[in-house]
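Each chain is listed here by its residues.
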Amino acid sequence: MRTGRLLSLLGFFLMLAALVSGFVSADFFEEGSILMGLAWGRVTLVDVYLGFLILVAWIWFHESAAVPRILWSLAILITGNLAAFLYLFLRMGRCRGDWEQFFLGDRRRK
């Protein structure tokens, strides 16, 4: 699990660097409108958001409280994999090496 935490933290910082670089070097709305004008830009967006929804469903399975479910869902739908990597990093930390807890979450049989 230590390797998983390290990889998720690395992914978080790589995603953060990519986002900062994109926002600093280009206009989000101008270039986004160009991408949405392309068929493969729309296909890619659908693909990415369907992947986000799979992760959101997994979070709803794991988390028993409504507030974390809603906040993590919004964070992932707004910031994408930046929030996803952070969630995985924190989730692995809460599990303390217990893979069953990581995969089954709060629904794990005790």
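Just above sits the structure.
Calculation rules
Residues numbered from 1 in each chain as written. Predicted model: local features only at pLDDT ≥ 70, side-chain atom pairs only at ≥ 80, totals over all residues. Heavy atoms only, no water. Helix = DSSP H or I, 4+ residues; strand = E, 2+ residues; numbered from the N terminus. Buried < 20%, exposed > 50% of the residue type's maximum accessible area, 1.4 Å probe, protein only. Phe/Tyr/Trp six-rings, centres within 6.5 Å; stacked < 30°, edge-to-face > 60°. Lys NZ or Arg CZ within 6 Å of the ring centre and 35° of its normal. Salt bridge = Lys/Arg side-chain N within 4 Å of Asp/Glu carboxyl O. Core = buried A, V, L, I, M, F, W, Y, C linked by side-chain atoms within 4.5 Å. Contact = heavy atoms within 4.5 Å.

A. Local environment of unusual backbone geometry. In this structure, R96 takes a positive phi of about 50° despite not being glycine. Turning to its location among the elements, R96 is positioned in the loop between helix 5 (81-95) and helix 6 (99-104). You can call R96 exposed: its relative accessible area is 76%.

B. Inspection of the packing of aromatic side chains at higher detail. Applying the stated criterion across every chain, the model contains 10 aromatic pairs. For the pair W99 and F102, a centre-to-centre distance of 5.6 Å together with 85° between the ring planes defines the contact as edge-to-face. Here the residue W99 and the residue F102 both occupy positions in helix 6, the gap between them amounting to 3 residues, near one helical turn. Consider the rings of F102 and F103, whose centres lie 5.0 Å apart with planes at 80°: the pair is edge-to-face. Here F103 falls in the partly exposed class, since its relative accessible area comes to 47%. An aromatic cluster is built from W58, W72, Y87, W99, F102 and F103, whose rings are joined through pairwise contacts. Sitting above the plane of the F89 ring, R5 keeps its charged end 3.9 Å from the centroid.

C. Structural context of the pattern of salt bridges. Inspection of the entire model under this criterion finds 2 salt bridges. R91 serves as the salt-bridge partner of E63, at 3.2 Å between the closest nitrogen and oxygen. Pair noted here: E63 is in the loop between helix 3 (39-62) and helix 4 (66-79) and R91 is in helix 5, with a separation of 28 residues, a long-range link. Since its relative accessible area comes to 5%, E63 is described here as buried. A relative accessible area of 1% means that R91 is categorised as buried. Shared partners join several salt bridges into a network, and the residues in it are E63, R91 and R94.

D. Spotlight on the nonpolar core. Grouped together as the largest cluster of nonpolar side chains are 9 residues: F52, L55, V56, I59, W72, I76, A83, A84 and Y87. Counting only elements with at least two residues in this core, the list comes to helix 3, helix 4 and helix 5. With 4 residues, the top contributor of residues to this core is helix 3. Those residues in contact with V56, other than ones at most four positions away along the chain, are S73 and I76.

E. Spotlight on the environment of I59. Tracing the backbone shows I59 in helix 3. Accessibility expressed as a relative area gives 0% for I59, which makes it buried. Along the backbone, I59 and Y49 are 10 residues apart, and their C-alpha atoms lie at a distance of 15 Å. Contact partners of I59, with chain neighbours within four places excluded, come to W72, I76 and Y87.

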